[in-house]
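Inside the fold
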Amino acid sequence: MAEEEVKESRNFIEQAIDKDLAEGVYDHVQTRFPPEPNGYLHIGHAKAILTNYGIAQEYGGKFNMRFDDTNPTKEKPEFVEAIKEDVKWLGADWEDRLFFASDYFGQMYDAAVKLIKKNKAYISTLSADEIRETRGTFEEPGKEDPGRERSIEENLALFEKMKSGEVPDGEMVLRARIDMASPNMNMRDPVIYRVAHMTHHNTGDRWCVYPMYDFAHPIEDAIEGITHSLCTLEFEDHRPLYDWVVRELEYPHPPRQIEFAKMYLTNVVTGKRYIKKLVEDGIVDGWDDPRLVSISALRRRGYTPESIRRFVELSGLSKANSSSDMAMLEYCVREDLKLSRPRMMAVLDPVKLVIDNYPEGQSEELEIPNNLENESLGVRKVPFERELYIDREDFMEEPPKKYYRLYPGNEVRLMSAYFVTCTGFEKDENGNVTVVHCTYDPATKQGGPDPGRKVKGTIHWVPASSALKATVRLYENLVDEEKGVYDEQGNVNVNPDSLKTLTECRLEPALADAKAFDSFQFVRQGFFVADYKDSKPGAPVFNRIVGLKSSFVLPKTE
């Protein structure tokens, strides 16, 4: 019974691999992550990376990193480097197996020649529009290309002319000879090679003919010895063509393609062309703007590899497309950070608090636990003095009911310090509170003698003379959720409140030592990370990763 339960709990990919290994189809497992270097990776790619790498790890197999760089019109070295960094950051280790599809252009060309010699491919001189028009519909078969009548010798000669640079772009293509009446449109003599006189980022001007993705991809997998080609659901209809290519090219141990559902997030922008426009229009400050869900943006926002791995795990693997809520991703990072990060005091909207009966010129160091839920993080010392900063929202002149913070006559605890009682306040000519006055009770020092009384409110503070002045960015969803992601013209409905920049924040002095990507919990404010791009020595910038409260509830497991 126990064995049956274990078997049932395995996902459909594991079940398929178990069967292949048991039947001797393969004696090992090898997977790959094959992005096209035409943009930055996003949260959906994280699922593909972690699924392929995780499966290889589970079976003691190997994981390849391969760039599917068969289209020089959109690919850049910048994207290659960004993708490598993202994959490494997520923890997927390709060891010494970093490959490029362009490394195999010679073998792909030879494979195309082999198909021509088998009379399984032919040169077409139809234009792209004509090929589209003669492809047929789901109800009607396609019309045969006149090029189908060419001899093998003529096709070989024309393909050689394409390769040698004698044919202009768009004048000829190589098509696979399969079945123009196939119910699967991908099998209706697909184009497998085209002419493109362009400089390639990896091969330069060596080639002017390039393989199409559907032809190149199965060849790459076969050359590298991939056993299980795990990809997303939109390639399911392409699987017959994938199988046809490896079968016709007679690879001895052809790889097997298995599809799983993509990772979708509600109310986010993942489309490359939309992000490109947001960047060009200056709405975001690059592909790593913390409001985006590219992997580099999530890293800059302060998300951790562990939180993204947990998110992918909770989202699960299935054959049916579904969406996950951003709240679940936020839950994962919150859970990862809450016990592992120090809890520091940061005043985002400061107003001065003067303790009138605290001796002028006196300062003391108070010992404060870094994280009450994790003693192993130790303690730190924070200077305490007569003048402090508190958050403006922690004082009210005329408070509503159940307001337990500072107001005239009320007593609160200053976190890890003393009880203070508000005695008055000062305003400027515009009626804004500029200073709050109070007195303190020396007998109420944290950890000191119990005065026998309690207060309902505790507020945080920082010392005025040594507080670190910093910029803090508060992020909300980039998308205006009430309007939906896109408007009728296909533009992103941008939330005007997606970024709030606070430039007068006052932080604990210890935060001056924060380095790029260091993250903390700011007490009562949320989790924050030091921005790697805009922070400067003595002038740090902190990005809010996520607030403290969660709207996500972890589903109950049976």
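Scroll up to find the structure this text is about.
Residues numbered from 1 in each chain as written. Predicted model: local features only at pLDDT ≥ 70, side-chain atom pairs only at ≥ 80, totals over all residues. Heavy atoms only, no water.

**Describing the overall build of the chain**
The number of helices and strands found in the chain is 13 helices and 27 strands. Here the chain has a C-alpha radius of gyration of 31 Å; the compact-globule value for 558 residues is 24 Å, and the former is much larger. Overall size of the chain, expressed as C-alpha extent along the three principal axes, is 100 × 60 × 45 Å. Split into buried and exposed, the 558 residues of the chain put 51% on the buried side. Long-range contacts, defined as pairs at least 24 residues apart, comprise 70% of the intrachain contacts of the chain with a sequence gap of at least 6. Counting only carbon and sulfur atoms, one obtains 48% of the accessible surface of the chain, whose full area is about 26900 Å². A distance of 2 Å separates the average location of the 73 positive side-chain charges in the chain from that of its 97 negative side-chain charges. (Helix = DSSP H or I, 4+ residues; strand = E, 2+ residues; numbered from the N terminus. Rg over C-alpha atoms; globule rule 2.2 N^0.38 Å. Buried < 20%, exposed > 50% of the residue type's maximum accessible area, 1.4 Å probe, protein only. Contact = heavy atoms within 4.5 Å. Areas by Shrake-Rupley, 256 points an atom, 1.4 Å probe, with all protein chains shown as cover. Lys, Arg positive; Asp, Glu negative; His and termini not counted. Charge placed at Lys NZ, Arg CZ, Asp CG, Glu CD.)

**Remarks on the pattern of salt bridges**
For the structure on display, the rule yields 52 salt bridges. Across the pair arginine 299 and aspartate 86 runs a salt bridge whose closest N-O atoms are separated by 2.9 Å. Here the residue arginine 299 occupies a position in helix H11 (residues 295-301), and aspartate 86 occupies one in helix H4 (residues 77-89), the gap between them amounting to 213 residues. In this structure, arginine 299 and aspartate 86 share a single accessibility class: buried. Across the salt bridge formed by arginine 473 and aspartate 534, the nearest N and O atoms sit 2.5 Å from each other. With arginine 473 in strand S23 (residues 468-475) and aspartate 534 in the loop between strand S26 (526-530) and strand S27 (541-546), this residue pair connects regions lying 61 residues apart in the sequence. With a relative accessible area of 13%, arginine 473 lands in the buried category. Judged by relative accessible area, which is 24%, aspartate 534 ranks as partly exposed. Shared partners join several salt bridges into a network, and the residues in it are Asp285, Asp288, Arg300, Arg473, Asp531, Lys533 and Asp534. (Salt bridge = Lys/Arg side-chain N within 4 Å of Asp/Glu carboxyl O.)

**Focus: the sheet that holds strand S4 (residues 121-124)**
An order of S4-S5-S6-S7 is seen for the four strands of this open sheet, with the pairing classed as antiparallel. Of all the strands in the sheet, just S4 and strand S7 (209-211) have a single pairing partner and so form its edges. With direction set aside, neighbouring strand axes in the sheet form an average angle of 20°. Across four bridges, S4 lies against strand S5 (residues 173-176) in antiparallel orientation. Bridge pairing in S5 places alanine 121 opposite alanine 176. (Pairing = 2+ DSSP bridges. Axes fitted to C-alpha atoms, helices over the stretch in contact; angles between N-to-C directions.)

**Looking at the pairing of strand S20 (residues 433-441)**
Inspection of the sheet shows strand S14 (residues 350-355) paired to S20 by four bridges, in the parallel sense. The residue of S20 that forms the bridge with valine 354 is histidine 437. Counted along the chain from strand S19 (residues 419-427) to the antiparallel partner S20, the turn is five residues long, and its residue glycine 431 has a positive phi close to 85°.

**Brief notes about unusual backbone geometry**
Within the chain, glutamate 95 stands out as a residue other than glycine whose phi angle is a positive 55°. We note that asparagine 267 has phi near 55°; this positive angle belongs to a residue other than glycine. Within the secondary structure layout, asparagine 267 lies in the loop between strand S10 (264-265) and helix H10 (272-280).

**Looking at the environment of isoleucine 178**
With respect to the secondary-structure elements, isoleucine 178 resides in the loop between S5 and strand S6 (191-195). Isoleucine 178 sits in the partly exposed class, given a relative accessible area of 21%. For the pair formed by isoleucine 178 and leucine 241, sequence separation is 63 residues and the distance between their alpha carbons is 9.2 Å. Excluding residues within four positions of it along the chain, isoleucine 178 makes contact with Arg148, Met187, Asp189, Pro190, Leu241 and Trp244.

**Concerning the sheet that holds strand S1 (residues 30-33)**
An order of S1-S2-S3 is seen for the three strands of this open sheet, with the pairing classed as parallel. Edge positions in the sheet fall to S1 and strand S3 (98-100), since each has one partner strand and no second. Direction aside, the axes of adjacent strands within the sheet are offset by 35° on average. Taken together, the three bridges between strand S2 (residues 62-67) and S3 define a ladder with parallel strand orientation.

**Quick word on the packing of aromatic side chains**
Within the structure shown, the criterion is met by 25 aromatic pairs. Taking the centre distance of 5.7 Å and the plane angle of 35° together, the rings of tyrosine 213 and phenylalanine 235 count as tilted. Note that tyrosine 213 is positioned in helix H8 (residues 213-224) and phenylalanine 235 in the loop between strand S8 (228-232) and helix H9 (239-248), a separation of 22 residues in sequence. Classification of tyrosine 213 as partly exposed rests on a relative accessible area of 30%. Aromatic rings pair up to connect Phe105, Tyr109, Phe159, Tyr193, Trp207, Tyr210 and Phe215 into one cluster. Of note, lysine 163 hangs over the ring of tyrosine 109, and the distance from its end group to the ring centre comes to 4.7 Å. When the ring centre of tyrosine 389 is taken as origin, the NZ or CZ atom of arginine 506, which lies over that ring, is 5.3 Å away. (Phe/Tyr/Trp six-rings, centres within 6.5 Å; stacked < 30°, edge-to-face > 60°. Lys NZ or Arg CZ within 6 Å of the ring centre and 35° of its normal.)

**As for the side chain of aspartate 86**
Judged by relative accessible area, which is 1%, aspartate 86 ranks as buried. Here arginine 299 takes part through its side chain, which lies 2.9 Å from a polar atom of the side chain of aspartate 86. Not counting chain neighbours up to four residues away, the residues in contact with aspartate 86 comprise Leu41, Ile295, Ser296 and Arg299. (Polar contact = N/O pair within 3.5 Å; in protein donor to acceptor, adjacent residues only side chain to side chain.)

**Some words on helix H2 (residues 12-22)**
Listed in full, the buried residues belonging to H2 are Ile13, Glu14, Ala16, Ile17 and Asp20. Projected onto a plane normal to the axis of H2, the buried residues spread over an arc of 160° and lie on a single side. Residues of H2 that are buried make contact with helix H3 (43-58), S8 and strand S9 (256-260). For H2, the N-terminal capping position is held by asparagine 11, with its side-chain oxygen 3.0 Å away from the main-chain nitrogen of isoleucine 13. Once H2 finishes, glycine 24 follows within two positions and takes phi at roughly 75°, a positive value. (Arc of directions from axis to C-beta.)

**Examining the side chain of glutamate 220**
Along the chain, the position of glutamate 220 falls in helix H8. By relative accessible area, glutamate 220 is classed as buried at 0%. Of note is the side chain of glutamate 220, whose polar atom sits 3.0 Å from the side chain of arginine 66. Excluding its chain neighbours within four sequence positions, the residues that come into contact with glutamate 220 are Arg66, Asp68, Thr70, Ala101, Tyr104 and Met108.

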